[in-house]
Amino acid sequence: MLMIRLSRRGARKQPVYRIVVIEKDRARDGRSIEVVGLYNPRTNPATVDFKRERIEYWLGKGAQFSPTLARLYKNAPVTPAVSAAPLTPASVGEPVAPVETPAEPEA
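Each chain has its residues counted from 1, following the order in which its sequence is written. Per-residue local features of the predicted model are confined to residues with pLDDT of at least 70, and side-chain atom pairs are confined, for both listing and counting, to 80 or more; whole-chain, interface and lining totals are unaffected and use all residues. Remark: hydrogens and water are excluded; side-chain values derive from all non-hydrogen atoms of the structure.

Engineer: Tell me about the environment of Val 35, and name the residues and values.
Structural biologist: Secondary structure elements are defined from DSSP: runs of H or I of at least 4 residues count as helices, runs of E of at least 2 residues count as strands, and each element is numbered from the N terminus. By the secondary structure assignment, Val 35 is in strand S3 (residues 34–40). A relative accessible area of 29% places Val 35 in the partly exposed class. Distance in space between the C-alpha atoms of Val 35 and Leu 6 is 9.7 Å, their sequence separation being 29 residues. When checking whether two residues touch, look at their non-hydrogen atoms; a contact exists if any pair is within 4.5 Å. Ignoring any residue separated from it by four or fewer positions in sequence, one finds Val 35 in contact with Arg 18, Ile 19, Val 20 and Lys 51. For every residue, the accessible area obtained with a 1.4 Å probe (protein chains only) is divided by the maximum for its type, and the residue is called buried under 20%, exposed over 50%, and partly exposed between those limits.

Engineer: Provide a residue-level description of the pairing of strand S1 (residues 2–9), including the pertinent values.
Structural biologist: Taking burial as the measure, the 8 residues of S1 include 6 buried ones, the bulk of the element. When DSSP finds two or more bridges between a pair of strands, those strands are recorded as paired. Two strands pair when backbone bridges link them, and S1 and strand S2 (residues 16–23) are joined in this way by 8 bridges, in the antiparallel orientation. Residue pairing across strands places Met 3 opposite Ile 22, the latter belonging to S2. Counted along the chain from S1 to the antiparallel partner S2, the turn is 6 residues long, and its residue Gly 10 has a positive phi close to 95 degrees. Relative to strand S5 (residues 64–65), S1 runs parallel, the two sharing 2 bridges. Its bridge partner lying in S5, Met 3 is registered against Gln 64.

Engineer: Tell me about the pattern of salt bridges, and name the residues and values.
Structural biologist: By salt bridge we mean one thing: a side-chain nitrogen of Lys or Arg within 4 Å of a carboxyl oxygen of Asp or Glu. On inspection of all chains with the given rule, the structure shows 2 salt bridges. The salt bridge partner of Arg 28 is Asp 29, with a shortest N-O separation of 2.9 Å. For Asp 29, a relative accessible area of 31% corresponds to the partly exposed category.

Engineer: Describe the sheet that holds strand S4 (residues 47–50), listing the residues and the values that go with them.
Structural biologist: Taken together, 5 strands build an open sheet; the order of strands is S4-S3-S2-S1-S5 and the sheet is mixed. Looking at which strands have only one partner, the edges of the open sheet turn out to be S4 and S5. Here S2 pairs with S3 via 5 bridges, running antiparallel. When the sheet's bridge partners are listed, Val 20 is paired in S3 with Val 35. Axis angles are defined between N-to-C directions and span 0 to 180 degrees, where every axis is a line fitted to C-alpha atoms and, for a helix, only to the segment in contact. Set on the sheet, helix H1 (residues 52–60) makes contact with S1, S2, S3, S4 and S5; between it and S3 the angle comes to about 125 degrees.

This is the structure:
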């Protein structure tokens with residue numbers, strides 16, 4: 001059976017978690033099938049980033065959430081879809097400031 005659960009990363013006393021699709025019988029930090037998000041409880045507020053399309057795909061294939069992840073997924077705010085084009089000052093509407101080069105000192 002497939003599970004969507006947390007896999008711990010980070011240094012001692014500095015946890016950062018990956019949200020992974022993994023076989024239920026594997027170890028917590030064992031080889032996963034796919035990474036579908038990140039969870040950082042150390043930020044204020046905690047940062048949760050889901051790849052919602054991939055999670056929905058795996059749920060359709062029969063994967064189940066762990067109890068902790070089910071709570072995180074339910075309470076996470078839905079972020080609007082991000083366009084594929086990168087943000088540039090021109091696309092945001094900000095004026096582009098010229099780059100000043102420092103004057104060479106006279107010797």
